[in-house]
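Listed below, chain by chain, are the residues.
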Amino acid sequence: MFGFVGQRLLYLVPVLIAVTMLTFLIASLLPGDLAYVMLGDQATPDKVAALRAQLGYDLPLWQRYLNWLGDVVTGDLGRSFRTGETIMSTVLDRLPVSIELMILTEIMALGLGIPLAILCAVRSGGALDRFLTGAAFAKLSLPSYMVAIVLIYIFAVELNWLPATGYVPLAEDPWGNLRSFLLPAMTLAFGEWPVLMRVLRSDMIATLQEDYIAMAKAKGLRPARILLVHALKPSSLTLITVSGINIGRLIGGALIVETIFALPGIGRLLVGAIYARDFMILQGVVLFVAAGFVVVNFVVDLLYAVLDPRIRHGRA
Amino acid sequence: MAVLDVGSDTSAVTPVRKRRGPGPLFLCAASWLVLIGMAAILADRLPMQSPFDMDMLGKRLPPGSAHLLGTDNFGRDVLARLIYGARISLSVGLLAPVIGVVIGGCLGMLAGYFRGPWETLITGGADVLLAFPPLVFALAVTTYLGQSIPNMILVIGILGIPAFTRVARAVTLTLSQREFVVAARALGATHARILLRELLPNVALPLLAFFLLLVAVTIVVEGALSFLGLGVPPPAPSWGSMIGEGRESLEIAPWLAFLPAGVMFITVLAFNVIGDTLRALTDPRPARL
Amino acid sequence: MSDEILLSVEGMTVDLPTARGALRAVDGVDLALAPGRTLGVVGESGCGKTMLARAILQLLPKRARLGGRILFDGEDLLQLSPEALRRLRGPKLAVVFQDPMTSLNPVLTIGTQIVETLQAHLGMATAAATERAAELLTAVGIPAPQQRLRQYPHQLSGGMRQRVAIAIALSCEPKLLIADEPTTALDVTVQAQILDLLAREQRRRHMAMILITHDLGVVAGRTDEVAVMYAGRVVERAPTPALFANMRMPYTEALLAAIPRLDSPPHTVLPAIAGRPPDPTRPLPGCSFAPRCRYAEADCKASKPPLGKGDAGGNRFACFHPLQPAAEARV
């Protein structure tokens, strides 16, 4: 077991380092002198030069990278010149919102996708199966902002059940908080569940044809047990992978939804930073998001081992 | 279990059903694409209103005789904007993936053919690029380099490279095991020759199918950027920005958002249908979904 | 010979729809089995013996059409509801499949797979069921059972996995055990052990057993009666000693002759049976074996010989020109 974990870690570290390098490179190579931006209309050549020296900009690139990396490792992502707060604290402020959105989305997507996948797998080729397969395919062409518009129109404008925008903190009003997340989570879940459903359905159809399922039937086990214990577990691998990758991507990738629904999450933080050309925040947050994605992938790999004992013991 | 080969559940019962050849759906999709493509190309010559003429007295008119599809928040003709929007979406959509397919295809083929350290390097690089939230990358670059169509094409094109790399590598891996490659090697062909003469023609078809799928994705991404106001600069009409503008008037004029959304949806769906059909016909890898 | 019949198969037919037309996998088979007796079903690949087994177990593929009657322990299996069928699988009817690597679930422990059967049918509590599972493993000859219960199938050898499969099958004390080629996927050295295990358990529990195999050598000495199948039909059926002493069907003779013998001189050519079984989607009007039979005559090709009533020794055969009963004993 530890050999497996060690192996994955060995792959993880170089990728993480590459991610930091790429982030730093992008941020520093982008045109637009930060010192000018920071000083605004008070910029004179002397002040600019002084500020640059202060920020350490006259050092060679690789030295700046290492300095930055050293800071990052201790948790210091720098300080935003606009807000004055440390970037780390800004990120941690916004993180719970994004996480809550992520969790609600995944619950909805899996809650819809798993039962439908099982139904479709059991009656594969039936009317429901064909309808859902077509729907899943059509959904590929519906991006999140379109879904958001439709949902807002239905639930906020016409029915007036849910708020179109606005965020209520959890501590203030739990129910209001949940309401403000429902539409955004529904939007994102709408995009996720077709893929999850198709992936699980496909794996389950293959699993259901295996001999050990016939054996389970021959043992006289209840159909529910055969489906949920014997068939679901070996079929979940791809589902877990896709779920994990989605979660990883949702950390920073829900920015359209966060922007539309005005949720103060990481995505919106990024968009705001780009508008304001606050590239310190941009750099720190992108690093956080990318690193988070890599780590989530790593966790997914570990989950593989938990689910399939053959991988744990070294044979696939 | 010693079963007769024909005994298992579905394989013997229905004749070969996996190959989805061109069907009525394919024809509809192709027709739509031809229609919208022609409209986009001939936009200047069509007897239409200008997409830029504002008429503040005739804001948000519902579809009627003067304006076939109504007017938007600034009184501009919606139909005209949709057609000019098609120009933008289609040009970005078709040009950006070219970057991806050329660079990604080459990298993928090299990775799948030579294996070893090259493969690790290339796939590792693809993984690193994939770890970045793509929209952020696009946003950052277009914001700093300026909003323009060529910049968007460049950025979205680069973002598509890892996907093509993966497909090209997987297909190359499958094909490298086949006899014709082994035979060529045995006959003393150089690597370049094998790559260009044997592998490339066979990899090209699945890549083409994937290209079409990525066109669909590109249109969506461009739409997303424009929706946020960070894509094509106004007043150029892009479907995405039209949806974004329409969002503000959902209560009084919902068609302003839904018309461009509908057109984009159908176009993207059409590309998906054609790309998927092509993929089912040309992909040498064993079928999954 | 008791009058009590545990399993009675009457006129069973199994049809599978295929792209090229209906495939008749089993073509009018009659069988009867008394409690505690062993029936061997022998035939080459594709003769329908596995379909027969699956039909009795009611585990046919969805599109298959089953005809005839299957009476088991007084009930007509075709009339039972799925729930009633489920309840008798395990306590009354059990099966051992050919390949234990694919018939055991790879992601569940051995213990889980035995215990769940005990819990489903005998309603045992987990602790008691686990203990019983360990006892079963010992009974089938697996040492250190406690440890094995926590392991996964891929951690055991092929022979041990099959023993586990047998333990699972025996766990609820079934009245009938169907073993479908239980040793084909195993090493030759392990085959005899498994067959002996099956025979021993069967005697101890007074359990009826159907042993399906393509190997005539397997049924010799381990079965009470043998049915030889060819192209979906039973072509010869006899008490085992009578079959080997006095085979009447040319096909059975050919099968026996094809078994390599230890005492033949080196480089003896194996008398393989020429030709192949007929295409099941295009059944022949006459005897299915006629094209390959040495003794075939015109009437053999014209109509199908029925399974006769049986000769003096109890052999029933489906042949117009059977081999003459041997004067002296063979093999």
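Everything quoted here is computed from the prediction, not taken from an experiment. Residue numbers run consecutively from 1 along every chain, following the written order of its sequence. Written order determines the labels here, with chains lettered from A and ligands numbered from 1. In view of the model being predicted, local features appear only for residues whose pLDDT reaches at least 70, and side-chain atom pairs are presented and counted only at 80 or more, with totals across whole chains, interfaces and linings using the full set of residues.

A few words on the overall build of chain C. Counting its secondary structure elements, chain C contains 12 helices and 11 strands. Reported as C-alpha extents along the three principal axes, the dimensions of chain C are approximately 65 × 50 × 45 Å. Exposure in this text rests on C-beta crowding, where 20 or more other C-beta atoms within 10 Å of a residue's own make it buried, 12 or fewer make it exposed, and counts in between make it partly exposed. The C-beta atoms are placed from the backbone. Burial status across chain C gives 46% buried among its 331 residues. Expressed as a percentage of contacts within chain C between residues at least 6 apart in sequence, the contacts between residues at least 24 apart total 65%. Every helix listed is a DSSP run of H or I at least four residues long, and every strand listed is a run of E at least two residues long, numbered separately from the N terminus. Residues are scored as being in contact if the C-beta atoms we place from backbone atoms lie within 7 Å.

Looking now at the overall build of chain A. On a plain count of helices and strands, chain A comes out with 14 helices and 0 strands. Counting from the amino terminus, helix and strand elements in chain A follow one another as α-α-α-α-α-α-α-α-α-α-α-α-α-α. Taking all 316 residues of chain A together, 37% fall into the buried category.

Next up on the list: the environment of C:Ala227. Locating C:Ala227 in the fold gives a position in strand β9 (residues 225-230). As a C-alpha pair, C:Ala227 and C:Glu83 span 144 residues in sequence and 31 Å in three-dimensional space.

The next point concerns the pairing of β9(C). Residue and element names in this part refer to chain C. Counting buried residues in β9 gives 6 out of 6 residues, a clear majority hidden from the surface. Side chains of β9 alternate between two faces, with Glu225, Ala227 and Met229 and Val226, Val228 and Tyr230 buried alike. Where strand β3 (residues 38-42) lies against β9, 4 bridges are found, and the strand directions are parallel. In the strand pairing of β9, Leu39 is matched with Glu225. One ladder, built from 6 bridges, connects β9 with strand β10 (residues 233-239); its direction is antiparallel. Two strands form a pair only when DSSP identifies at least two bridges running between them.

All names here are of chain C. Ordered in space as β6-β7-β8-β3-β9-β10-β11, the 7 strands form an open sheet in which the pairing is mixed. Only two strands of the sheet have a single neighbouring strand rather than two, namely β6 (93-96) and β11 (316-317). Its contacts with the sheet place helix α1 (residues 49-57) against β3, β6, β7 (176-180), β8 (208-213) and β9, and it is angled at close to 150 degrees to β7. Lying on the sheet, helix α7 (residues 158-170) is in contact with β6 and β7; it crosses β6 at an angle near 175 degrees. As a rule, the C-alpha atoms of each element are fitted with a line to give its axis, helices using only the stretch in contact, and angles between N-to-C directions run from 0 to 180 degrees.

Known as pLDDT, the predictor's confidence for each residue is given on a scale from 0 to 100. On average, chain C scores 85 in pLDDT, and the residues at 70 or more come to 97%. No element of chain C has a lower mean pLDDT than helix α12 (residues 298-302) of chain C, at 77, and none a higher one than β8(C), at 93.

Right, let's talk about the sheet that holds strand β5 (residues 75-76) of chain C for a bit. Two strands in a sheet stick together by hydrogen bonds in their backbones, pointing the same way (parallel) or opposite ways (antiparallel). Residues and elements named next belong to chain C. In space, the 4 strands of this open sheet follow the order β2-β1-β4-β5, with antiparallel pairing throughout. The strands lining the two open edges of the sheet, one partner per strand, are β2 (21-33) and β5. Here 7 bridges tie strand β1 (residues 7-18) to strand β4 (residues 65-72), and the two strands are oriented antiparallel to one another. Bridge pairing in β4 places Asp15 opposite Arg65. On top of the sheet, α1 reaches β1, β2 and β4; it is set at about 70 degrees to β2, its chief contact.

All names here are of chain B. At a minimum axis distance of 7 Å, the contact between helix α2 (residues 78-114) and helix α6 (residues 161-176) shows a crossing angle of 40 degrees. The angle between α2 and α6 falls in the class oblique. As for how α2 packs across α6, the hand of that crossing is right-handed. Contacts between α2 and α6 pair Gly100, Val101, Ile103, Gly104, Gly105, Leu107, Gly108, Met109, Ala111, Gly112 and Tyr113 from the former with Ile161, Pro162, Ala163, Phe164, Thr165, Arg166, Val167, Ala168, Arg169, Thr172, Leu173 and Ser176 from the latter. Among the residues forming the contact of α2 with α6, the class breakdown is 13 nonpolar, 8 polar and 2 charged. By the definition adopted for this analysis, an angle is roughly parallel if under 35 degrees, roughly antiparallel if over 145, roughly perpendicular if from 65 to 115, and oblique otherwise. We call a crossing left-handed when the near helix sits turned anticlockwise from the far one by less than a right angle, and right-handed when that turn is clockwise. Only Asp, Glu, Lys and Arg are considered charged, only Ala, Val, Leu, Ile, Met, Phe, Trp, Tyr, Cys and Pro nonpolar, and every remaining residue, Gly among them, polar.

Before going further, it helps to examine the interface of chain A and chain B. The accessible area lost on association of the parts is a frequent measure of interface size. In this assembly, 37 residues from chain A lie in contact with 34 residues from chain B. Mapped by element, the contributors of at least two residues to the side of chain A that touches chain B are α1 (2-29), α7 (144-158), α8 (174-208), α10 (223-253), α11 (255-260), α12 (266-275) and α13 (279-307) of chain A. Along the lines of polarity and charge, the residues of the side of chain A that touches chain B split into 28 nonpolar, 7 polar and 2 charged.

With that settled, consider unusual backbone geometry. All names here are of chain C. The phi torsion at Ala144 lies on the positive side, around 50 degrees, for a residue other than glycine. Looking at the element boundaries, Ala144 is found in the loop between α5 (126-139) and α6 (145-149). Residue classification places Ala144 among the exposed residues on the basis of 11 C-beta atoms within 10 Å. Even without glycine at this site, Glu173 takes up a positive phi of about 55 degrees. Among the structural elements, Glu173 can be located in the loop between α7 and β7.

On to the packing of α2(B) against helix α5 (residues 149-159) of chain B, then. How two helices pack is summed up by the angle between their axes together with the distance between the axes. Residue and element names in this part refer to chain B. Relative orientation of the contacting elements α2 and α5 amounts to 45 degrees, with a least axis distance of 7 Å. In terms of their interaxial angle, α2 and α5 are classed as oblique. The handedness of the crossing between α2 and α5 is right-handed. Along its contact with α2, which presents Ile88, Val92, Leu95, Ala96, Pro97, Val98, Ile99 and Gly100, the element α5 presents Ile149, Met152, Ile153, Ile156, Gly157 and Ile158. Tallied by class, residues from the contact of α2 with α5 come to 12 nonpolar, 2 polar and no charged.

Further remarks concern the environment of A:Leu9. Residue and element names in this part refer to chain A. By secondary structure assignment, the location of Leu9 is in helix α1. Leu9 sits in the exposed class, given 10 other C-beta atoms within 10 Å. Residues Leu9 and Phe298, 289 residues apart in the sequence, show an inter-C-alpha distance of 7.8 Å.

All names here are of chain C. Here the expected span of a helix is defined as 1.5 Å times the quantity of residues minus one. Taking 1.5 Å as the rise per residue, α5 with 14 residues should run 20 Å; its terminal C-alpha atoms sit 20 Å apart, in good agreement. Buried within α5 are the following residues: Ala129, Ala133, Leu136 and Leu137. Looking straight down α5, one finds that the buried residues subtend no more than 100 degrees of arc, so they occupy a single side. Turned more than 90 degrees away from the buried face of α5, the exposed residues are Ala127 and Glu135. Each element contacted by the buried residues of α5 is listed here: α4 (110-122), α6 and α7. By arc we mean the arc of the directions from the helix axis to the C-beta atoms, nothing more.

Spanning 16 residues, helix α3 (residues 116-131) of chain B covers 23 Å between terminal C-alpha atoms, matching the ideal 22 Å at 1.5 Å per step. All of the buried residues along α3(B) are B:Ile122, B:Ala126, B:Val128, B:Leu129, B:Leu130 and B:Ala131.

A few words on the nonpolar core. Each nonpolar core reported here comprises buried Ala, Val, Leu, Ile, Met, Phe, Trp, Tyr and Cys residues connected via C-beta atoms within 7 Å. By size, the foremost hydrophobic cluster in this structure holds 247 residues, and its most contacted members are A:Leu270, A:Val285, C:Val228 and C:Val235. Here the element with the most residues in this core is helix α8 (residues 191-227) of chain B; it accounts for 18 residues.

What follows covers the pairing of β1(C). Residues and elements named next belong to chain C. With 10 bridges joining them, β1 and β2 adopt antiparallel strand pairing. Its bridge partner being in β2, Met12 is matched across the sheet by Val29. Hairpin connection, β1 to β2: the antiparallel pair is bridged by 2 residues.

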